[in-house]
Amino acid sequence: MIIAGEILDKYQEVMNRVFESKGTLRFGRNAISISSIAQQYYCEKAVELNHAHPLPPTKKMLQGEKGHENIIRAAEPVSKEECFKEALTAREKPVCIYELGIAWEHKEIPVIGLVDEAWFREGDVEMVVERKFSNNLKVYSSYHVQAQLYCLGLGEMGFNNTDTLYRIMVFKRACIDCPKLEDRSCDIFTNIRSYQCNNGESIMYTYEFEKQNIQKDLNWAVDFWQGKRDAIPTKIKAKCKVCQHKGLCDFSLA
Ligand code: SF4
């Protein structure tokens, strides 16, 4: 049976390699973050342009961070070792760990990420939750990739992800300051697919984790970081219309 110390050692080994390595990946990076991979699935050209012409975070991005902070405000801070111990403990109901940092190696490349919510029981990852704040209440492919990479990563670290489910929740921006997010009293937390009140609106879908598909997606993403291909621009005009880099991009459809 795996113990918390083993998972912690494995995690720390990967993180040490991140800090000590020379950075042989694209843009001199020494690790690939899961959020960057999700951005690749939005538009890889935008990832490239964001590196060449970095821009300050938009108001929408800052609002999204505020929404995440609101949800975790009531959570108790615990050490990483404590998190892993709790995750491995036998219990009647699963335990939720917020903002869990994860790291593993794929083809000898460190992959790192921060999981919004992971629910564990005795080493089993029962559910991974990915939250978004957007006035567009849709579930994009990049959301699936991001959530499933968290499921994959937890498995690679030593947890059991055989029957893991993942959930994507999208809240309108009006929900960001709502006190019902902090204490989870909003009806969307009662396993319904959508909820609307006078203030905001949200959706929630739950899916089965598909390990084989996400491994293929990860391989595709890694090829870019290893310089095996040029950045691929999106073919979706709506994305270009709201892109911060459209004025600089030769491939803009807007
Ligand atoms: S303008 Fe369109 S193709 Fe160019 S970086 Fe932005 S989203 Fe990608």
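You'll find the structure just up there.
Thresholds applied
- Residues numbered from 1 in each chain as written.
- Predicted model: local features only at pLDDT ≥ 70, side-chain atom pairs only at ≥ 80, totals over all residues.
- Axes fitted to C-alpha atoms, helices over the stretch in contact; angles between N-to-C directions.
- Helix = DSSP H or I, 4+ residues; strand = E, 2+ residues; numbered from the N terminus.
- Parallel < 35°, antiparallel > 145°, perpendicular 65-115°, else oblique.
- Contact = placed C-beta atoms within 7 Å.
- Nonpolar A, V, L, I, M, F, W, Y, C, P; charged D, E, K, R; others polar.
- Near = placed C-beta within 6 Å.
- Pairing = 2+ DSSP bridges.
- Buried ≥ 20, exposed ≤ 12 C-beta atoms within 10 Å, placed from the backbone.
- Right-handed = clockwise from strand over helix to strand, strands pointing away.
- Left-handed = near helix turned anticlockwise from the far one by under 90°.

Some words on the packing of helix H2 (residues 34-42) against helix H3 (residues 44-52)
Here comes step 1: Interhelical geometry of H2 versus H3 gives an angle of 120 degrees and a closest axis separation of 5 Å. Comparing their axes, H3 and H2 come out oblique. Across the interface between the two elements, Ser36, Gln39, Gln40 and Tyr42 from H2 touch Glu44, Ala46 and Val47 from H3.
Here comes step 2: Taken together, the residues of the contact of H2 with H3 break down into 3 nonpolar, 3 polar and 1 charged.

Considerations on the site of the ligand
Here comes step 1: Near the ligand lie 14 residues; those nearest to it are Cys43, Pro233, Cys240, Cys243 and Cys249.
Here comes step 2: When contributions to the shell around the ligand are tallied by element, the ones reaching two or more residues are H3 and helix H9 (237-241).
Here comes step 3: Per-element accounting of the shell around the ligand gives the leading share, 3 residues, to H3.

Quick look at the pairing of strand S2 (residues 95-106)
Here comes step 1: Bridge count for S2 against strand S3 (residues 109-121) is 11 bridges, and the pairing is antiparallel. In the strand pairing of S3, tyrosine 98 is matched with glutamate 117.

Examining unusual backbone geometry
Here comes step 1: Despite not being glycine, phenylalanine 27 has its phi angle at roughly 60 degrees, a positive value.
Here comes step 2: Among the structural elements, phenylalanine 27 can be located in the loop between helix H1 (4-20) and strand S1 (32-33).
Here comes step 3: By the C-beta count within 10 Å, which is 13 here, phenylalanine 27 ends up partly exposed.
Here comes step 4: A positive phi is found at arginine 184, a non-glycine position, where the angle reads about 55 degrees.
Here comes step 5: When the 12 C-beta atoms within 10 Å are taken as the criterion, arginine 184 is described as exposed.

Here's the deal with the pairing of strand S5 (residues 165-171)
Here comes step 1: Within S5, 5 of the 7 residues are buried, which leaves the element mostly enclosed by the surrounding structure.
Here comes step 2: When strand S4 (residues 124-133) meets S5, the two strands line up parallel, connected through 7 bridges. If you follow arginine 131 over to S5, its bridge partner there is methionine 169.
Here comes step 3: With helix H6 (residues 141-157) bridging S4 and the parallel S5, this β-α-β connection has right-handed handedness.
Here comes step 4: Both S5 and strand S7 (residues 201-208) contribute to a ladder of 7 bridges, which runs antiparallel. What sits directly across from isoleucine 168, in S7, is tyrosine 205.

Comments concerning the packing of H1 against helix H5 (residues 80-88)
Here comes step 1: The interhelical angle for the contact between H1 and H5, taken along N-to-C directions, is 135 degrees, at an axis separation of 9 Å. As the angle between them shows, H1 and H5 are arranged oblique. In the crossing of H1 with H5, the sense of the turn from one axis to the other is right-handed. For the pair H1 and H5, the contacting residues are Ala4, Ile7 and Leu8 in the first and Lys80, Glu81, Phe84, Lys85 and Leu88 in the second.

Brief notes about H3
Here comes step 1: Buried within H3 we find Lys45, Ala46, Val47, Glu48 and Leu49.
Here comes step 2: In this structure, the buried residues of H3 make contact with H2.

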